[in-house]
Amino acid sequence: MIDLTIVWAAIIGFAIIAYVVMDGFDLGIGILFPNFRVGQDRDMAMNSIAPVWDGNETWLVLGGGGLLAAFPLAYAIILPALYAPLIAMLLGLVLRGVAFEFRWRDPAHRATWDRTFTLGSSVATFAQGVTLGALLHGITINGRAYAGGWWEWLSPFSILTGLGLMVGYSLLGACWLIWKTEGPLQQQAFNYARRLGVALLVVIGVVSVATLTLDPQYYTRWLAYPGVLVTAQVPLATSIVTFLFYRSLRRKRDAQPFFYALALFGLCLVGLGISIWPNVIPARLTIWEAAAPYRSQLFMLVGAGLMVPVILVYTIWAYWVFRGKVGPEGYH
């Protein structure tokens, strides 16, 4: 019999990866937005994400909905533990969505909507990073319920991961603009990518070392022999990808920096998996302890099996249709 708990963990993991890949760069553009020249450069940055930005949150909905349906106990514990950052994230996404639409329809107040776009993007990104940091730091559980306080999610480590994710998304945004724009804006994006790449590596190193001090489980999984022979390949791969990333910047490649930046994020997610698998709440609750009944998982899998391929097809199609560079008036 197929272990549907693992299948659903894979589906939710895929949704999270897809969200980071597809929404990370447009949140990053929002964070960088105040640094772009008012007028043509800001319009080009907006036009580069206009065809795809509002479909990217689909994966966030799939991840959250899948967690509720497939791992209800985890959902019941995580939600009250992380109410504040999750609500902040949702409000940030709402703000940036409203600002995105109204900056075109209300040009008299475009400066206000530009600031709102940056604020919403920054809040949403920081809240996502804080949520991840709070999960890694640990959630207090008593029996089958959350037993911590209102502010348990807030710690130096969660603030660090929040700021770190802002750096990472900003790098993705800069690399996306390298791929999709030309002229002064592209050159500006090259400059930002060089600096943000260094900043991201520093953040990865600091967060990695800090994570080892949070719980003995993390230290054992990464550094205990003989497992360290496997886990050591992650920093090695990170070094190789970093070299390729900066080589692509030196050679002024268009698309390569973006995909190498995604590879760095992918290696971070691999590291996250090494740290927590098979827990859905790190060091507290495994996926099997939190899972819904088998029949419920099977019933939901039918719907996911039908809808996920459809979502993938129309997403790929949208990116294919708008695959060109962005000019002052839109794609060309």
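So, how was this worked out
- Residues numbered from 1 in each chain as written.
- Predicted model: local features only at pLDDT ≥ 70, side-chain atom pairs only at ≥ 80, totals over all residues.
- Heavy atoms only, no water.
- Helix = DSSP H or I, 4+ residues; strand = E, 2+ residues; numbered from the N terminus.
- Contact = heavy atoms within 4.5 Å.
- Lys, Arg positive; Asp, Glu negative; His and termini not counted.
- Charge placed at Lys NZ, Arg CZ, Asp CG, Glu CD.
- Expected span 1.5 Å × (residues − 1).
- Buried < 20%, exposed > 50% of the residue type's maximum accessible area, 1.4 Å probe, protein only.
- pLDDT = per-residue confidence, 0-100.
- Salt bridge = Lys/Arg side-chain N within 4 Å of Asp/Glu carboxyl O.
- Phe/Tyr/Trp six-rings, centres within 6.5 Å; stacked < 30°, edge-to-face > 60°.
- Lys NZ or Arg CZ within 6 Å of the ring centre and 35° of its normal.
- Patch = residues over 30% accessible without salt bridge, like charges linked within 9 Å, V, L, I, M, F, W, Y side chains within 5 Å.
- Areas by Shrake-Rupley, 256 points an atom, 1.4 Å probe, with all protein chains shown as cover.
- Core = buried A, V, L, I, M, F, W, Y, C linked by side-chain atoms within 4.5 Å.
- Axes fitted to C-alpha atoms, helices over the stretch in contact; angles between N-to-C directions.
- Parallel < 35°, antiparallel > 145°, perpendicular 65-115°, else oblique.
- Left-handed = near helix turned anticlockwise from the far one by under 90°.
- Nonpolar A, V, L, I, M, F, W, Y, C, P; charged D, E, K, R; others polar.
- Disulfide = S-S within 2.5 Å.

S.K.: Could you give an account of the overall build of the protein chain, with specific residues and numbers?
M.R.: On a plain count of helices and strands, the protein chain comes out with 15 helices and six strands. C-alpha atoms of the protein chain, sized along the principal axes, occupy 55 × 40 × 40 Å. Within the protein chain, contacts between residues separated by at least 24 positions form 78% of all contacts whose residues are at least 6 apart in sequence. Averaging the coordinates of the 21 positive side-chain charges in the protein chain and doing the same for the 16 negative ones gives two points 8 Å apart.

S.K.: Let's hear about helix α8 (residues 156-180): which residues, and what values?
M.R.: With 25 residues, α8 extends 36 Å from end C-alpha to end C-alpha; this agrees with the ideal 36 Å at 1.5 Å per step. Of all 25 residues in α8, 20 are buried; the element is thus mostly enclosed.

S.K.: Describe the confidence of the model for the protein chain, and please don't skip the residues or the numbers.
M.R.: Of the residues in the protein chain, 98% have a pLDDT of 70 or more, and the chain-wide mean is 87. The spread of mean pLDDT over the elements of the protein chain runs between strand β6 (residues 330-331), the lowest at 57, and α8, the highest at 94.

S.K.: Break down the pattern of salt bridges for me, citing the residues and quoting the values.
M.R.: Summed over the entire model, instances satisfying the criterion amount to seven salt bridges. Across the salt bridge formed by Asp 41 and Arg 37, the nearest N and O atoms sit 3.3 Å from each other. As a salt-bridge pair, Arg 103 and Asp 43 come within 3.2 Å of each other at their nearest N and O atoms. Of this pair, Arg 103 sits in helix α6 (residues 83-105) while Asp 43 sits in helix α2 (residues 40-49), placing them 60 residues apart in sequence. Take Arg 103: its relative accessible area is 1%, and that puts it in the buried class.

S.K.: Please set out the packing of aromatic side chains residue by residue, giving values where relevant.
M.R.: Within the structure shown, the criterion is met by 17 aromatic pairs. Consider the rings of Phe 25 and Trp 176, whose centres lie 4.0 Å apart with planes at 15 degrees: the pair is stacked. Taken together, the residues Phe 25 in helix α1 (residues 4-32) and Trp 176 in helix α8 connect sequence positions 151 residues apart. The exposure class assigned to Trp 176 is buried, which follows from its relative accessible area of 3%. Each ring, one from Phe 33 and one from Phe 36, has its centre 6.2 Å from the other, and the planes form 85 degrees; the classification is edge-to-face. Accessibility classification places Phe 33 together with Phe 36 in one group, the buried group. Grouped by ring-pair contacts, the aromatic residues Phe 25, Trp 176, Trp 179, Phe 258, Phe 259 and Tyr 319 constitute a single cluster. Of note, Arg 103 hangs over the ring of Trp 104, and the distance from its end group to the ring centre comes to 4.9 Å. When the ring centre of Trp 179 is taken as reference, the NZ or CZ atom of Lys 180 above it lies at 4.8 Å.

S.K.: Pulling in residues and values, what's your account of unusual backbone geometry?
M.R.: The linkage connecting Tyr 225 with the following residue, Pro 226, adopts the cis geometry, with an omega of 10 degrees. Looking at where Pro 226 falls in the secondary structure, it is placed in the loop between α10 (216-223) and α11 (228-231). A cis amide bond links Trp 277 with the next residue in sequence, Pro 278, at an omega value of 5 degrees. Along the chain, Pro 278 turns up in the loop between α13 (256-276) and β3 (279-281).

S.K.: I'd love a proper account of a nonpolar patch on the surface, names of residues and values included.
M.R.: Taken together, the side chains of Tyr 83, Ile 87, Leu 91, Trp 150, Trp 151, Leu 154, Ile 159 and Leu 163 define a hydrophobic patch exposed on the protein surface, amounting to about 830 Å² of accessible area. Contributing elements (two or more residues each) for the nonpolar patch: α6 and α8. For the nonpolar patch, the element with the highest residue contribution is α6, accounting for three residues. Within the secondary structure, Leu 91 is located in helix α6.

S.K.: Now, about the nonpolar core: what can you tell me, with residues and values included?
M.R.: Membership of the largest hydrophobic core comes to 91 residues, with the highest contact counts inside it found for Phe 36 and Phe 71. With 13 residues, α1 is the single largest residue contributor to this core. Contact partners of Phe 71, with chain neighbours within four places excluded, come to Thr 5, Trp 8, Ala 9, Ile 12, Gly 66, Ile 287, Ala 290 and Ala 291.

S.K.: So what's going on with the packing of α1 against helix α15 (residues 294-321)? Which residues, and what values?
M.R.: In contact at an axis separation of 11 Å, α1 and α15 are set at 25 degrees when each is read in the N-to-C sense. In terms of axis orientation, α1 runs roughly parallel to α15. Remark: the crossing between α1 and α15 carries left-handed chirality. Touching Leu 4, Thr 5, Val 7, Trp 8, Ile 11, Phe 14, Met 22 and Phe 25 of α1 are Tyr 294, Gln 297, Leu 298, Met 300, Leu 301, Ala 304, Val 308, Leu 312, Thr 315 and Tyr 319, all from α15. Across the contact of α1 with α15, the residue classes tally to 15 nonpolar, three polar and no charged.

S.K.: Which residues make up the state of the cysteines, and what values do they have?
M.R.: Under the definition given, this model contains zero disulfides. For Cys 175, which is in no disulfide, the shortest distance to another cysteine sulfur is to Cys 268 and amounts to 14 Å. Since its relative accessible area comes to 35%, Cys 268 is described here as partly exposed.

S.K.: Outline the environment of Ala 18, listing residues and values.
M.R.: Among the structural elements, Ala 18 can be located in helix α1. Along the primary structure Ala 18 and Asp 3 are separated by 15 residues, whereas in three dimensions their C-alpha atoms are 23 Å apart. Contacts of Ala 18, omitting those with residues within four sequence positions, involve Asp 23 and Trp 59.

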